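Chain and residue survey
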Amino acid sequence: MSKNEVVSKIIEEQKTVIANLENSVSRYRTASDIDEHDSIDPEDFSHQEEAKDMQLRYEQMAIQAKTNLDILESYKNKNCAKLVAGALVETEDLYLFIGISTPQFILNDKNVITISEQAPIYSLLKEKVVGEKITIGKIENTILSIS
């Protein structure tokens, strides 16, 4: 499977993350915008501030997710010979993408794991090349290709 295909699937997953975050922002915006004429329960008003805080948190997360989407797009056609930002690593069991962090998923019977450069494991993987072994969790894999 080509790097472009795998990264396109990661982009789809990231778009799902963004949609979920935007949905949460919308829900919390509605919850934080209660008019005093809309409710007769005083407890509803006490939760407005909490809802506004959550709305702002989800807005920040959505902004970061959109930035990550832009990063993914910029890495789509980047070719790498070693494990650096933008690299897609293929092993026997998984695809590993370096650049952003998204939820793990399965593609063509292989786990797809994405990690950011800020992840602690990145320092252990950085600069590895084809043929070297990498350990993620308790599983050791040999790098078959890097693109």
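Everything in this summary refers to the structure shown in the same document. (Residues numbered from 1 in each chain as written. Predicted model: local features only at pLDDT ≥ 70, side-chain atom pairs only at ≥ 80, totals over all residues. Heavy atoms only, no water.)

Attention now goes to helix 1 (residues 3-32). Given 3.6 residues per helical turn, the α-helix brings residues three or four places apart onto the same face. With 30 residues, helix 1 ought to run about 44 Å at 1.5 Å a step, and its terminal C-alpha atoms sit 43 Å apart, in line with that. Residues of helix 1 that are buried: K3, V6, V7, I10, I11, Q14, I18, L21, S24, V25 and S32. Residues of helix 1 that are buried make contact with helix 3 (48-75), strand 1 (88-90), strand 2 (94-98), strand 3 (105-107) and strand 4 (110-115). (Helix = DSSP H or I, 4+ residues; strand = E, 2+ residues; numbered from the N terminus. Expected span 1.5 Å × (residues − 1). Buried < 20%, exposed > 50% of the residue type's maximum accessible area, 1.4 Å probe, protein only. Contact = heavy atoms within 4.5 Å.)

With that settled, consider the sheet that holds strand 4. Here five strands make up an open sheet; going across it, the order is 3-4-2-1-7 and the pairing mixed. The open sheet is flanked by strand 3 and strand 7 (145-146), the only strands paired with a single partner. By the bridge criterion, three bridges tie strand 3 to strand 4 in an arrangement that is antiparallel. Paired with I106 across the strands is N111, a residue of strand 4. Strands strand 1, strand 2, strand 3 and strand 4 of the sheet are contacted by helix 1, whose axis makes an angle of about 150 degrees with strand 3. (Pairing = 2+ DSSP bridges. Axes fitted to C-alpha atoms, helices over the stretch in contact; angles between N-to-C directions.)

Here we take up the nonpolar core. Counting residues in hydrophobic clusters, the biggest one holds 19 residues, and the most contacted among them are V6, I10, L72, F97 and V112. Contributions of two or more residues to this core are made by helix 1, helix 3, strand 2 and strand 3. The element best represented in this core is helix 1, accounting for six residues. The residues touching V6, leaving out its near neighbours within four places in the chain, are M1, L88, Y95 and L107. Grouped together as the second largest cluster of nonpolar side chains are 17 residues, V89, L96, I113 and I146 included. (Core = buried A, V, L, I, M, F, W, Y, C linked by side-chain atoms within 4.5 Å.)

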